[in-house]
Structures are given as structure tokens and as C-alpha cells.
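So the chains spell out like this:
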Amino acid sequence: LNAKESDESMRQQRTKKAQNMLTRVLALHPNDGDAAFNLALLLQDSSNSEEVTREAARLYQVAVQTADNDGEERWDALANMAAAKQEIGEYMGEYGAIRSYERVIVILEEMVQEKEAHLNQDGSNFEEGEYQYFEAELRAINEYLSKLYYGYGTILSELSDSDCQALQSKESLLIDWVEPFVKRSGTEKENEKNEAPANYVCKMNAINALRLAVDLNSENVVAEHMLAALTEGDIGKGRASNEFVSALFDDFAETFDAKLEALGYKVPGLVGDAAKELLASSGQSSFRSALDAGCGTGLAGRYLRPLVNGSLVGIDLSKKMLDLAAQCTLSKGCGLKDEDVAPANENDAPLYDHLASLDLETTTLQEVGAKNGFDIIVAADVFVYFGELQKLLSNFAKLSDSSGAFLIFSCERIEEEEGSKWKLQKSGRYAHSKSYVVDTAATAGYKLVGYEQITPRYEKGEPVKGHLFQFSLEKDQDAKDE
């Protein structure tokens, strides 16, 4: 073992020992809130599987219920329980994600008021550095509140009509069910809650929560993007900001592969199959070079590598994603299951020849160390962060070999309607119509050679509508000269 592997091995051993000790404590004292809280932290630190998250949520609830029984408030346990319950989809109920977010937000808002009053009271005498310390503490609480409002807002934005109606019958700490959104008349039948207005109130409160998240921390670019998705729709910005994409996937990096597997994510394999078909149709034995645009952790690169005898380049905005892709070799990582990992050998080599953190709309061949254009460019689940595609597709044409290079990418799909092009959805992801994609690609010099409607993944058990495009660059196109 090298030093890094040895340190990691020791850490894992200490973590396992601590987990065993805390498990024994809880076996003797099932309502020990501190033991439950600390075990939940250790479990989440060691694994990000749904099973572990579910057990952590249960343990956080033990800590919260114990505190409730003792007449105390554990905002730390409430906050962690809210996030864990949100992740496993347990939104409703006394100890569901919604109520937990509301409780911890109220606690921290009161804490903020107390600290602001202390800082602002006349005649306060602070020792040297003390005022700056309290200011920093207040800023840290507000930044944490920003994350909580973001979590709370995203749940409210996703609730179904029936869940909003059910929520309406419960006393909320943050939501006001006021006229004209709630029907109030004389008879019991007339007093029944109306689902559509209830859903509207949920959406308005979601927007309010996301605005507060942005107000409390102007650098919360994820909340800013989701707020735009709820308020701007298909007339919003033409693409997600670099800051949003980078922040989203830096946070997501360590759990990316596992979470996508749980969602039935199929795009990398579909892209790989399409690349094989194009290679066969070209009459070549392999591609000379390939660009994995928005490579992430390298899931698509695993399918591309056997088809490329030259340089395989990966580009992504998230440096943490690139760090994980850089660890992939021909025999391990980037989507390979443990049972498929080949024994290490002296001929093992990195999966990618070059990795770089760059903006896909402005990347140049020089920046990725390429002398000639790529034979094939793939973008697996990348276009969901772009609305307008003209600039992106034009740049892909400039990065491609002029003699009939290929392009494969997936999009989420909206139905063909009059005037429809693309839409920024509530999920914060863009969806595109087939006609818009084909027409825009044509202006960049691409010809459609393959198309299929796909299910890229599932959300809440429902298939997401998508489509997979295959294009070839017209040999007489002059996009490189634009």
C-alpha cells in the first residue's frame, strides 16, 4: 500500500470500530439521541447508498424524538434528518422532510434575530476581534439557512396536487394558506380544499423559499438556477451558468455513479452503442480521436475507449468530477463494477489521454492539446444544461475533423408544438424538441443520420422523456471558417 492507501485503510478501520461501538450502545439504550446522531453521521460518511441513507434518516429521527421528549431542540439532527428524508422521498408527516425543514428554519431564524440584536444594540462593548467573530458566525448561519431554504423550496416545487392538498390540512410553520387560494364557503362540501389552488400556493411558497436562499447567500448558484426554472420557464436564460453546473456536480461527484444507477440511468451505454454503429457504417476499424464533452466521472468514456485508437479527451466544468475520471484506467473505474475490474498489470493506462475543465461553447483544439479535429464527439446528458444550442453545436463543428466527423448526444424531449424549441423545466434541466435540434444542427453543418426516442432515466418511478441524436458533419461544410 502507498501512503495514501494506508491512511484511507486506517480511517476505514477506525470508522468501522466507532460504528460497532455506537451500535452496541444503541442496543442497550435505543433512545440515546447522541449515539443515534453520531452513528448516522458515520454511516453517511462511509456510504451513500439508499439503504444507508434510509437508516441514517431513522437514526436522526431517534435523536430528534429523544430531544422532543426531553423538551429540547436539536437543530443539527433536524437539518440532517430533513436532508436525508428528502433524499429518500419521505416528505410528509410529523417527522417528514417538510416539517423538519420548517422546524430547523424557524430555530435558526430565531438564532439569527438574537445575534443581530446583540450586534446592533446600543452601547455594546466588544473585546478586540469579538465583533468580527460574531459577524462571521452570523454569516455562517445565514449561509446554512440558504441551503435549508433551498432544500425546502425544491420539495414544495415537486409536490403533487394531492400532496399539496394533504399538506394544506396540516398546520405549517412557514406556509400561509390564505385567500384567494383556499376555497371557503358555508357547507362542508364547499369547504373541501381545492387541489389546483393548493398546488399554486405550494409553488408560490417554493419560489419564496428559493428567493430567500439566494438573498441569504448570493453565491448559492444552485438555488438561483432553480429559482429561474420556476419563474422564467422557456423564456429564461439560454443556458445554465458555469457556476451552477460546477457547484452542482462538485457536490454530486462522490455519489454520482451510485445515484444514477439507482435512477436506471442508461445514456452512456446508449451513446456507446450508437458510436459502435457509426464506426461500423464508416468502414473504419476505429476512430482516430474522440472528445467526451461533459465527461463527468467517465461513464461514457468507458464505452468510447475500445473504439478509439488515438487520443480520448474529456472536458467538464466540475473539477471534482474530473478528479474521479482521472483515477480511471483501462482496468478499473469509470463505471466498471468491482467484479469486472481486471487485475492491475504493468500495461494498465489511464482511460483518458487528456482531461480539462473548460466551457464547451468556447473550447478550442489548442486548449485540449489537439492538432487536428476529432473524429467523433459525444455528449451524454449534457444538453440538459443548455437551452439555446447554436453556439454549442457551432463550436462542436469547429472541434471536429472536417471530413465527415460524427456527433452523438442526448436531450430531454418536449413534444412538437407550434413554436416550441426548448424549455427550462421545474427540474432545472432543459428539454428540446426534435425539430429545433435538427434545424439548429443543420445550420452548424450537421446532417441527421440516426435518431431514437429514449428513456434516459427514471424520476420518482416515472420514465423521463428523452431522445438520442446521431449526426455527421457534412464534408463540404465551412463551419470552421465562421
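Parameters at a glance
- Residues numbered from 1 in each chain as written.
- Predicted model: local features only at pLDDT ≥ 70, side-chain atom pairs only at ≥ 80, totals over all residues.
- Heavy atoms only, no water.
- Phe/Tyr/Trp six-rings, centres within 6.5 Å; stacked < 30°, edge-to-face > 60°.
- Helix = DSSP H or I, 4+ residues; strand = E, 2+ residues; numbered from the N terminus.
- Buried < 20%, exposed > 50% of the residue type's maximum accessible area, 1.4 Å probe, protein only.
- Axes fitted to C-alpha atoms, helices over the stretch in contact; angles between N-to-C directions.
- Parallel < 35°, antiparallel > 145°, perpendicular 65-115°, else oblique.
- Left-handed = near helix turned anticlockwise from the far one by under 90°.
- Contact = heavy atoms within 4.5 Å.
- Disulfide = S-S within 2.5 Å.
- Salt bridge = Lys/Arg side-chain N within 4 Å of Asp/Glu carboxyl O.
- Pairing = 2+ DSSP bridges.
- Right-handed = clockwise from strand over helix to strand, strands pointing away.
- Core = buried A, V, L, I, M, F, W, Y, C linked by side-chain atoms within 4.5 Å.

**Student:** Describe the packing of aromatic side chains, naming the residues involved and giving the relevant values.
**Tutor:** In this structure the tally under the stated criterion is 14 aromatic pairs. Ring plane angle 45° and centroid distance 6.2 Å describe the contact between Phe383 and Phe396, whose orientation is recorded as tilted. Within this pair, whereas Phe383 is found in the loop between β4 (376-379) and α15 (390-399), its partner Phe396 is found in helix α15, the two being separated by 13 residues in sequence. A relative accessible area of 0% places Phe383 in the buried class. Judged by its relative accessible area of 0%, Phe396 is buried.

**Student:** Break down unusual backbone geometry for me, citing the residues and quoting the values.
**Tutor:** A negative phi holds for most residues other than glycine; trans holds for most peptide bonds. Unusually for a residue other than glycine, Asp381 sits at a positive phi of about 60°. Locating Asp381 in the fold gives a position in the loop between β4 and α15.

**Student:** Could you give an account of the packing of helix α2 (residues 33-46) against helix α3 (residues 50-69), naming the residues involved and the relevant values?
**Tutor:** Where α2 contacts α3, the two axes come as close as 8 Å, and the packing angle between them is 160°. Between α2 and α3, the interaxial angle falls into the category roughly antiparallel. The element α2 and its partner α3 pack so that their crossing is left-handed. For the pair α2 and α3, contact is made by Gly33, Ala36, Phe37, Leu39, Ala40, Leu41, Leu43 and Gln44 and by Val52, Thr53, Glu55, Ala56, Leu59, Tyr60, Val62, Ala63 and Thr66, respectively.

**Student:** How would you sum up the state of the cysteines? Please name residues and give values.
**Tutor:** Enumeration according to the criterion identifies 2 disulfides in this entry. A sulfur-sulfur separation of 2.2 Å characterises the disulfide bridge that pairs Cys164 with Cys202. Judged by the sign of its S-S torsion, about -140°, the cystine formed by Cys164 and Cys202 is left-handed. Here Cys202 lies in helix α8 (residues 195-216) and Cys164 lies in helix α7 (residues 161-168), a separation of 38 residues in the sequence. Assessed through its relative accessible area of 0%, Cys164 is described here as buried. On the accessibility criterion, Cys202 (1% relative accessible area) is buried. Across a sulfur-sulfur distance of 2.0 Å, Cys328 and Cys334 are joined as a disulfide pair. The sign of the 95° torsion about the S-S bond sets the Cys328-Cys334 disulfide as right-handed. On the accessibility criterion, Cys328 (4% relative accessible area) is buried.

**Student:** Report on the pattern of salt bridges, specifying residues and quantitative values.
**Tutor:** Counted by the stated rule, this structure contains 22 salt bridges. As a salt-bridge pair, Asp68 and Arg103 come within 2.7 Å of each other at their nearest N and O atoms. With a gap of 35 residues between them, Asp68 in helix α3 and Arg103 in helix α5 (residues 97-120) connect regions that are remote in the sequence. For Arg239, the salt bridge goes to Asp359, with nearest N and O atoms at 3.2 Å. With Arg239 in the loop between α9 (221-231) and α10 (242-252) and Asp359 in the loop between β3 (354-356) and β4, this residue pair connects regions lying 120 residues apart in the sequence. The two residues Arg239 and Asp359 agree in class, both being buried. Via salt bridges that share partners, Asp381, Glu412, Arg429, Arg457 and Glu459 belong to a single interconnected network.

**Student:** I'd like a rundown of the pairing of β4, residues and numbers included.
**Tutor:** Where burial is concerned, the two faces of β4 agree: the one with Ile376 and Val378 and the one with Ile377 and Ala379 are both buried. Inspection of the sheet shows strand β1 (residues 287-293) paired to β4 by 3 bridges, in the parallel sense. Residue Asp292 lies in a different strand from β4, and its bridge partner there is Val378. Regarding topology, α15 serves as the crossover connection from β4 to the parallel strand β5 (residues 406-413), and that connection is right-handed.

**Student:** Describe the nonpolar core, and please don't skip the residues or the numbers.
**Tutor:** Soluble globular proteins tend to bury their nonpolar side chains together. Ranked by internal contacts, the top residues of the largest apolar core, which has 80 residues, are Phe374, Phe383, Leu393, Phe396, Ile408, Phe409 and Tyr446. It is helix α12 (residues 267-282) that provides the largest number of residues to this core, a total of 6 residues. Counting residues in each nonpolar core, the second largest holds 60 residues, with Ala57, Cys164, Met226 and Leu230 among its members.

These figures capture arrangement, not role.
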